[in-house]
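Observations on the three-dimensional arrangement
Residues per chain, in single letters:
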Amino acid sequence: MKQPGPIAVFDSGYGGLTVLSKLVEHLPEYDYIYLGDNARTPYGTRSFKVVYDYTLEAVRKLFEMGAHLVILACNTASAKALRSIQQRDLPTIDAQKRVLGVIRPSVEVVQQWSTTQHVGVLGTVGTVQSESYPIEINKLFPSIVVNQEACPMWVPLVENNEFNQPGADYFVKQHVNNLFEKDPLIDTVILGCTHYPLLSPKIQQYLPDGVKLLEQGDIVGESLRDYLQRHPEMDALCSKNARVSLYTTEQVDKFKQTAGVFFSGEVNVEHLVL
Ligand code: DGL
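What this report covers is the structure whose coordinates are included nearby. Small disclaimer: the values here were computed from a predicted structure and weren't measured.

**A few points about unusual backbone geometry**
- Omega for the bond connecting Thr41 with Pro42 falls within 30 degrees of zero, at 5 degrees, which places this linkage in the cis form.
- For Pro42, the location among the structural elements is in the loop between strand E2 (32–36) and helix H2 (48–64).
- For Glu131, which is not glycine, the phi dihedral falls at a positive 65 degrees.
- Structurally, Glu131 can be placed in the loop between helix H6 (125–130) and helix H7 (132–140).

Here it is, written out as structure tokens:
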């Protein structure tokens, strides 16, 4: 009989803390471990092979730490590594363990959100180039028109705590305008990067009236609840003592300084080597 373990949440850095916050809000009874690969962030500009290698290392580590279920709370890792890990690696690591991403839950709800059936995606260069959103959306909803915009400056603005500053407006306005130049009929925009919720007040400011902004935290929270209800065997492997432990591959002091911006809970963090 396997010992139950925490639900693991992985991100390239701080961004996944926006998802962790929502998971804790939606499903507070579970234990969570969060790993931010801050020492190697950003992932958004890296090649498929590198993102896959880094993500697989993290997933293996989180399994070793007792998790049976890992959520890739990073769109870039979900886009570039999830499918290979699910199909190629999990069967040899442990067929009972699971890795889930953040793209599919967002894609599943998008048709309900959009009236015009024209959807926009804002993401990292890696996520946009992977074409994961258009591919996944068109698999489920072939009539939806999808346009994307890569926003390479947005993650650095958030990581460097500049997202509230007037300088951020320039880059936010530029990319929002670019997206709507590609398709003025868009009425729903997916924030396809876990860092971007921090910029959402500014993004809202530059969106045309009536356009909805789809943030992933609540959607991933609801989707995980549904998943655990449909998979009681996995639910039984998830321990429930309401504990949250944070880990970073960077120095702990540096993580503590910034993590509070993303996560309202107590920041008890330990260093971890991958
Ligand atoms: N948090 C990552 C995502 O959701 C982006 C950050 C990075 O580039 O590492 O795509």
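**A look at the packing of aromatic side chains**
- Taken as a whole and assessed by the stated rule, the structure comprises six aromatic pairs.
- Ring geometry for Phe10 against Tyr43: centres 6.2 Å apart, planes inclined by 50 degrees, an arrangement best described as tilted. With Phe10 in strand E1 (residues 7–11) and Tyr43 in the loop between E2 and H2, this pair connects stretches of sequence that are 33 residues apart. The same class applies to Phe10 as to Tyr43, namely buried.
- Joined through ring pairs, the aromatic side chains of Phe10, Tyr43 and Tyr54 make up one cluster.
- Taking NZ or CZ as reference, Arg40 lies 3.7 Å from the ring centre of Tyr54, over its face.
- Lying across the ring of Phe48, Lys80 places its NZ or CZ 5.0 Å from the centre.

**Observations concerning the site of the ligand**
- Taken together, 14 residues lie around the ligand, and Ser12, Tyr43, Gly44, Thr76 and Thr194 are the ones closest in.
- Here an oxygen atom of the ligand and a side-chain polar atom of Ser12 are 2.6 Å apart.
- Within the contact set of the ligand, an oxygen atom lies 3.5 Å away from a side-chain nitrogen or oxygen of Thr41.
- Burial of the ligand by the protein amounts to 99% of the accessible area it has alone, namely 300 Å².
- For the shell around the ligand, the residue count by class is five nonpolar, eight polar and one charged.

**What about the packing of H2 against helix H4 (residues 82–93)?**
- H4 packs onto H2 with a crossing angle of 40 degrees between their chain directions and a minimal axis gap of 12 Å. If you check the angle between H2 and H4, you find them oblique. Between H2 and H4 lies a crossing of right-handed hand. Along its contact with H2, which presents Tyr52, Thr55, Leu56, Val59, Arg60 and Phe63, the element H4 presents Ser84, Ile85, Arg88, Asp89, Leu90 and Ile93.

**Observations concerning the side chain of Asp183**
- Tracing the backbone through its elements, the reader meets Asp183 in the loop between helix H9 (166–182) and strand E7 (188–192).
- Buried and without a salt bridge, Asp183 has Lys182 as its closest oppositely charged side chain, separated by 11 Å.
- Once residues lying within four places of it in the same chain are set aside, the contact partners of Asp183 are His118, Val145 and Asn147.

**Here we look at the sheet that holds strand E9 (residues 244–248)**
- Pairing within the open sheet is parallel, and its six strands lie in the order E4-E3-E1-E2-E9-E10. Two strands close off the open sheet at either side, each with one partner strand: strand E4 (98–100) and strand E10 (269–271). Between one strand axis and the next, the sheet turns by 25 degrees as a mean value, whatever way the strands run.
- The sheet contact formed by E2 and E9 spans five bridges and is parallel. Opposite Tyr32, over in E9, you have Val244 as the bridge partner.

**Things to note about the nonpolar core**
- Within the largest apolar cluster, 53 residues are counted, with the highest numbers of intra-cluster contacts made by Leu17, Trp154, Ile203 and Leu228.
- Looking at this core element by element, the count peaks at five residues for H9.
- Once you skip the residues sitting within four places of it in the chain, Trp154 turns out to touch Leu122, Phe171, Val172, His175, Val176, Tyr196, Leu199 and Ile203.
- Core analysis: the next-biggest nonpolar cluster, separate from the first, contains 25 residues, Ile33, Val51, Leu56 and Leu272 among them.

**Examining the pairing of E7**
- With respect to burial, E7 is a largely interior element, five of its five residues being buried.
- Side-chain alternation along E7 places Thr188, Ile190 and Gly192 on one buried face and Val189 and Leu191 on a second face that is also buried.
- Both strand E5 (residues 118–123) and E7 contribute to a ladder of five bridges, which runs parallel. Opposite Val121, over in E7, you have Ile190 as the bridge partner.
- Bridge analysis of E7 against strand E8 (residues 212–214) gives three bridges, and the strand direction is parallel. In the sheet register, Thr188 faces E8, and the bridge partner there is Lys212.

Cut-offs and rules
Residues numbered from 1 in each chain as written. Predicted model: local features only at pLDDT ≥ 70, side-chain atom pairs only at ≥ 80, totals over all residues. Heavy atoms only, no water. Helix = DSSP H or I, 4+ residues; strand = E, 2+ residues; numbered from the N terminus. Phe/Tyr/Trp six-rings, centres within 6.5 Å; stacked < 30°, edge-to-face > 60°. Buried < 20%, exposed > 50% of the residue type's maximum accessible area, 1.4 Å probe, protein only. Lys NZ or Arg CZ within 6 Å of the ring centre and 35° of its normal. Near = heavy atom within 4 Å. Polar contact = N/O pair within 3.5 Å; in protein donor to acceptor, adjacent residues only side chain to side chain. Areas by Shrake-Rupley, 256 points an atom, 1.4 Å probe, with all protein chains shown as cover. Nonpolar A, V, L, I, M, F, W, Y, C, P; charged D, E, K, R; others polar. Axes fitted to C-alpha atoms, helices over the stretch in contact; angles between N-to-C directions. Parallel < 35°, antiparallel > 145°, perpendicular 65-115°, else oblique. Left-handed = near helix turned anticlockwise from the far one by under 90°. Contact = heavy atoms within 4.5 Å. Lys, Arg positive; Asp, Glu negative; His and termini not counted. Salt bridge = Lys/Arg side-chain N within 4 Å of Asp/Glu carboxyl O. Pairing = 2+ DSSP bridges. Core = buried A, V, L, I, M, F, W, Y, C linked by side-chain atoms within 4.5 Å.

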